Amino acid sequence: MAATPIAVITGASSGIGAATARQLAAAGYRVVLTARRKDRIEALAAELTEAGHQATAYALDVTDRAAVDEFASAFRSLAVLVNNAGGALGADPVATGDPADWRQMYETNVIGTLNVTQALLPALTASRDGTIVVLSSTAGLSTYEGGGGYVAAKHGEHVLAETLRLEIVGTPVRVIEIAPGMVKTEEFATTRFRGDTEKAAKVYAGVDAPLSADDVADTVTWAVTRPSHVNIDLLVVRPRAQASNSKVHRTL
């Protein structure tokens, strides 16, 4: 009897990460949930286990390379890695943006993805059928005002995925990039505006049905479960009301 394939999801404590964990568990994967907030991932692991799935939680800061290496040492073989940990801070113009915010976004979105991917690549290769998913953003493909730091970080993450795919072609590991547009989750915009719920609400004001975390998780799960010879290099997913990062239809 074949072993249950294992999927590691970073940033699984909420939003897209948590939704992806639920959907991959339902698709038959044993999910390993990582995030800094131990209580959140332990609660999700308990929920999934109670529902009859296989799930474990592991508190992890993806920017801590020593901790990432220790985590990765437990895996001899791994089917899927979903690099979801990331996020945005602030919406200031380049002229006045806080370099500390830029640095934190780069560390989490780019270096965090690099750390986990490097550490787990041997186990993904050893599976003979590994999949790396990078949750980037449409911010990694085009710019918008007030998003310089986040856009720069997501461009870095996009290029990381694109370059890695070139470098490991011919190995039994595929690299999938999912680039969501406007996604309304319980925390993304609130975190970006440091808890200012009024500013966060304005991001989605008048937009008919922005994407949900489940929409993106469904896209990730679809891409991961394609036949092994099929690679979804880059999939951009936006709500119908959003034509680009700067063109959104609002019914105000």
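Before reading further, recall that the structure is shown in the block above.
Residues numbered from 1 in each chain as written. Predicted model: local features only at pLDDT ≥ 70, side-chain atom pairs only at ≥ 80, totals over all residues. Heavy atoms only, no water.

Chemist: Even after reading the chapter, I still don't get the overall build of the protein, so can you show me in this structure?
Modeler: Assigned secondary structure in the protein consists of eight helices and seven strands. On C-alpha atoms alone, the protein measures out to a radius of gyration of 18 Å, which is about the 18 Å that the 2.2 N^0.38 rule sets for 252 residues. If one aligns the C-alpha atoms of the protein with their principal axes, the spans along those axes are about 55 × 40 × 35 Å. If you take every contact in the protein between residues at least 6 apart in sequence, the share linking residues at least 24 apart comes to 72%. Summed over its atoms, the accessible surface of the protein is roughly 12,100 Å², and 53% of this surface lies on carbon and sulfur atoms. Counting 23 positive and 27 negative side-chain charges, the protein places the centres of these two groups 3 Å from one another. (Helix = DSSP H or I, 4+ residues; strand = E, 2+ residues; numbered from the N terminus. Rg over C-alpha atoms; globule rule 2.2 N^0.38 Å. Contact = heavy atoms within 4.5 Å. Areas by Shrake-Rupley, 256 points an atom, 1.4 Å probe, with all protein chains shown as cover. Lys, Arg positive; Asp, Glu negative; His and termini not counted. Charge placed at Lys NZ, Arg CZ, Asp CG, Glu CD.)

Chemist: Looking at this structure, I do not really get the side chain of Thr219. What am I missing?
Modeler: Within the fold, Thr219 resides in helix H8 (residues 213-224). Within the structure, Thr219 has its side chain in polar contact with the backbone oxygen of Asp215 (distance 3.0 Å). Once you skip the residues sitting within four places of it in the chain, Thr219 turns out to touch Ile178, Leu235 and Val237. (Polar contact = N/O pair within 3.5 Å; in protein donor to acceptor, adjacent residues only side chain to side chain.)

Chemist: What should I look at first to understand the side chain of Arg174 in this one?
Modeler: You can see Arg174 is positioned in strand S6 (residues 173-180). In this structure Arg174 is buried but unpaired, with Asp129 as the nearest side chain of opposite charge at 5.4 Å. (Buried < 20%, exposed > 50% of the residue type's maximum accessible area, 1.4 Å probe, protein only. Salt bridge = Lys/Arg side-chain N within 4 Å of Asp/Glu carboxyl O.)

Chemist: Could you clarify how one ought to interpret helix H1 (residues 15-26) in this entry?
Modeler: Quick reminder: α-helices carry 3.6 residues per turn. Residues three or four places apart thus point the same way. With 12 residues, H1 extends 17 Å from end C-alpha to end C-alpha; this agrees with the ideal 16 Å at 1.5 Å per step. Counting buried residues in H1 gives nine out of 12 residues, a clear majority hidden from the surface. Within H1, the full set of buried residues consists of Gly15, Ile16, Gly17, Ala18, Ala19, Thr20, Ala21, Leu24 and Ala25. One or two residues past the end of H1 sits Gly28, with phi positive at roughly 105 degrees. (Expected span 1.5 Å × (residues − 1).)

Chemist: Is there a simple way to explain the packing of helix H4 (residues 99-126) against helix H5 (residues 148-167) in this structure?
Modeler: The description of two packed helices rests on the angle between their axes and on the distance between the axes. The interhelical angle for the contact between H4 and H5, taken along N-to-C directions, is 15 degrees, at an axis separation of 8 Å. Taken together, the axes of H4 and H5 are roughly parallel relative to one another. The handedness of the crossing between H4 and H5 comes out as right-handed. Residues Trp102, Met105, Tyr106, Asn109, Val110, Thr113, Leu114 and Thr117 of H4 touch H5, and the partners they reach there are Gly148, Gly149, Tyr150, Ala152, Ala153, Lys154, Gly156, Glu157, Leu160 and Leu164. In the contact of H4 with H5, the residues fall into 10 nonpolar, six polar and two charged. (Axes fitted to C-alpha atoms, helices over the stretch in contact; angles between N-to-C directions. Parallel < 35°, antiparallel > 145°, perpendicular 65-115°, else oblique. Left-handed = near helix turned anticlockwise from the far one by under 90°. Nonpolar A, V, L, I, M, F, W, Y, C, P; charged D, E, K, R; others polar.)

Chemist: Just checking my understanding: could you explain a nonpolar patch on the surface for this structure?
Modeler: Side chains of Leu141, Leu234 and Val236 sit close together on the surface and give an oily, nonpolar patch of about 220 Å² of accessible area. Tracing the sequence through the fold places Leu234 in strand S7 (residues 234-237). (Patch = residues over 30% accessible without salt bridge, like charges linked within 9 Å, V, L, I, M, F, W, Y side chains within 5 Å.)

Chemist: Whenever I open this one, the pairing of strand S3 (residues 55-59) confuses me. Can you help?
Modeler: If a strand is regular, its side chains alternate between the two faces of the sheet. Across five bridges, strand S2 (residues 30-35) lies against S3 in parallel orientation. Counted as the bridge partner of Val32 is Thr56 from S3. A crossover connection joins S2 to the parallel S3 through helix H2 (residues 38-50); in handedness this β-α-β unit is right-handed. (Pairing = 2+ DSSP bridges. Right-handed = clockwise from strand over helix to strand, strands pointing away.)

By themselves these figures say nothing about function.
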